[in-house]
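Spelled out, the chains give:
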Amino acid sequence: MSAPSPAPIPASPLSLRPDGPVEIVPGIHWIGALDPGLRSFDVIMKTANGTTYNAYAVRGTDGVAVIDTVDRACAAEFLARLEAVARYDEITVLVLNHLEPDHTGAVHELLRRAPQAHVLVSPRGMQILRALLGDEADRYRISAVKTGDSIPLGGRSLRFFTTPNVHWPDTQCTWVEEDGILFTCDLFGSHYCDGRLFDDLVGDFRFCFEYYYDRLMRPFRSFVAAALDLIEPLDIAVIAPSHGPILRTRPRDYLRQYRRLTSPRFADAAGTDRSLLIFYVSAHGATGQMARAIEAGAAEEPGVRVSLFDLEGGEIAPFIDLIEGADGIVLGTPTINGDAVRTIWDLLVTLGDVETRGKLGAAFGSYGWSGEAVRLVEARLQALKMRLPEPGLRVKFHPNEADLDEARAFGVRLAQHLTGRAQPREIDFADLAAR
Ligand code: FEO
């Protein structure tokens, strides 16, 4: 007896994929692309719901502006939607709010078809755009725009806000004041693919909105806050990002949510004190002894709240909020096999998830033979653009009384660098390498 044929899978009775462009307001359309199958974005984040690459067409009486394009794999979809709302010879402006490939994959083809378009990018975007276009760059009219600049389209205008490092140096926002629509590219995005497009129509994307902030924007917290300073005064009716839902329902709520997300959860944990966190791992107790001596020294400085954590007794993730709100981070590790121990490396890697630029950093540890760990930790802290005012402290084998006195003094000096009582200084990386 032959096996019964499987029942055919019924076609979805409802297509959530828009066939053509989608009107936001008369004359302004979404012309982007859907990528529901994407499961990992930029290697750094998962996309269980796929994503969208949002691009837009803005029509004025004097021409059409295209704002951003899409990933190269979706170029045909984008061009088809664009053709449904404008002829190529009507396109007067191409705004590229950000030049990462997921938004510039159709730029070459679009410019081949609309070579007259005036390409507008942020000042930092110029270099990337020229690299992207290569020899073709000279064929096109390319200009940098900055905060305060605007371009008339006839009945509508585009105004620009330079909002760097959210999350690349080139990022900017474009504002259509007449309609109250702010095109924010990655800012306010979500990797959430739903062809109904608008926040009041799509599924529940709240997790994706916050997860996206956490993975993409959080390391640039202060730049996001600076961008919010620029755009909060606008009378915004719609936030149109380049990924995920278009935000037209109480857009100010999204601004408030971003403001909340950019505020470190434990920012006020130390009150008016400066917060210094010491993390360590100790193989035989020696690095732990140093840690406690550094803690005791730092605690002598008025105005510094010092906290000590043995990472053998804790996972890394719960400390991240604390680190984001801290003013200084000191890491202690023994040298084992010529390296810092894995737990400390795990913490150092995780530090890349939050903004550490400008925070005080320092390293210490005991060693038996070669003692590379402290130098390696310092190099990583420096790569994170932290401020290292004191060369790391190393002790061979177990610390004696003099070593512990020095550790205590090291703690005092670090704390004084936080309160401003120590002369500001920065150790030279060349000095680190020589040690
Ligand atoms: Fe969506 Fe930074 O690209």
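- In the nomenclature of an unreviewed UniProt entry, the chain corresponds to Flavorubredoxin from the organism Rhodovulum euryhalinum.
- Its UniProt record gives the chain a comment under Sequence similarities (unreviewed entry), which states: "In the N-terminal section; belongs to the zinc metallo-hydrolase group 3 family."

### A few points about the environment of tyrosine 56
- Inspection of the secondary structure assignment puts tyrosine 56 in strand E7 (residues 56–60).
- Looking at tyrosine 56, the relative accessible area reads 0%, which means it is buried.
- Sequence separation between tyrosine 56 and leucine 38 is 18 residues, and the spatial gap between their C-alpha atoms is 21 Å.
- In this structure, tyrosine 56 is in contact with Ile24, His29, Trp30, Ile31, Ala65, Val66, Ile67, Phe183, Ala240, Pro241 and Ile246, ignoring residues within four places of it in sequence.
- Within the structure, the side chain of tyrosine 56 is placed 2.6 Å from the backbone oxygen of proline 241, a separation counted as a polar contact.

### Section: the UniProt feature "domain: Flavodoxin-like" (unreviewed entry) in the chain
- When the UniProt feature table is mapped onto this chain numbering, "domain: Flavodoxin-like" (unreviewed entry) sits at residues 276–415.
- The annotated region residues 276–415 carries 39% helix and 21% strand content, and the separation between its end C-alpha atoms amounts to 7 Å.

### With respect to the nonpolar core
- With 65 residues, the main nonpolar core has Phe78, Leu82, Leu110, Leu187, Phe188, Met217 and Tyr258 as its most contacted residues.
- Within the second largest apolar cluster, 27 residues are counted, among which are Leu311, Ile316, Ala340 and Leu381.

### Examining unusual backbone geometry
- In this structure, the amide linkage connecting valine 166 to the following residue, histidine 167, adopts the cis form with an omega of 20°.
- If you trace the backbone, histidine 167 turns up in the loop between strand E13 (157–162) and strand E14 (172–176).
- Even without a glycine there, the phi angle at lysine 385 is positive, about 65°.
- Along the chain, the position of lysine 385 falls in the loop between helix H11 (373–383) and strand E21 (393–396).

### Re the sheet that holds E21
- Read across the sheet, five strands follow the order E18-E17-E19-E20-E21 without closing on themselves; strand pairing throughout is parallel. Looking at the sheet topology across the chains shown, the edges are occupied by strand E18 (304–310) and E21. Each adjacent strand pair in this sheet contributes to an overall mean axis angle of 15°, direction not counted.
- Here four bridges tie strand E20 (residues 360–367) to E21, and the two strands are oriented parallel to one another. Each residue of the ladder has a partner; that of serine 366, found in E21, is valine 395.
- Sheet strands touched by helix H12 (residues 401–419): strand E17 (274–280), E18, strand E19 (328–332), E20 and E21. Its angle to E20, the strand with the most contacts, is close to 170°.

### Digging into the domain arrangement of the chain
- Here the chain is partitioned into domain 1 (15–262) and domain 2 (274–434).
- Taking only C-alpha atoms, the centre of domain 1 and the centre of domain 2 are 41 Å apart.
- Counting from both sides, the interface comprises eight residues of domain 1 and, opposite them, eight residues of domain 2.
- Buried surface at the junction of domain 1 and domain 2, summed over both partners, amounts to about 700 Å²; 31% is from carbon and sulfur atoms.

### Notes on the side chain of aspartate 194
- Looking at where aspartate 194 falls in the secondary structure, it is placed in the loop between strand E15 (181–185) and helix H5 (206–217).
- Residue aspartate 194 is classed as buried on the basis of its relative accessible area, which comes to 7%.
- Side-chain polar atoms of aspartate 194 contact the backbone nitrogen of glycine 203, separated by 3.0 Å.

### Topic: the packing of aromatic side chains
- Inspection of the entire model under this criterion finds 12 aromatic pairs.
- Ring centres 6.5 Å apart and planes at 85° place the aromatic pair phenylalanine 205 and phenylalanine 209 in the edge-to-face group. The same class applies to phenylalanine 205 and to phenylalanine 209, which are both buried.
- These aromatic residues form a ring-pair network of at least three members: Phe188, Tyr192, Phe205, Phe209, Tyr213, Tyr254 and Tyr258.

### Side note on the environment of proline 233
- Tracing the backbone through its elements, the reader meets proline 233 in the loop between helix H6 (221–231) and strand E16 (238–241).
- The exposed category is assigned to proline 233, whose relative accessible area is 66%.

About the cut-offs
- Residues numbered from 1 in each chain as written.
- Predicted model: local features only at pLDDT ≥ 70, side-chain atom pairs only at ≥ 80, totals over all residues.
- Heavy atoms only, no water.
- UniProt positions renumbered as here; feature names shortened; annotations may be inferred.
- Helix = DSSP H or I, 4+ residues; strand = E, 2+ residues; numbered from the N terminus.
- Buried < 20%, exposed > 50% of the residue type's maximum accessible area, 1.4 Å probe, protein only.
- Contact = heavy atoms within 4.5 Å.
- Polar contact = N/O pair within 3.5 Å; in protein donor to acceptor, adjacent residues only side chain to side chain.
- Core = buried A, V, L, I, M, F, W, Y, C linked by side-chain atoms within 4.5 Å.
- Pairing = 2+ DSSP bridges.
- Axes fitted to C-alpha atoms, helices over the stretch in contact; angles between N-to-C directions.
- Domains from an automatic or database assignment.
- Buried area = accessible area lost by both parts, 1.4 Å probe.
- Phe/Tyr/Trp six-rings, centres within 6.5 Å; stacked < 30°, edge-to-face > 60°.

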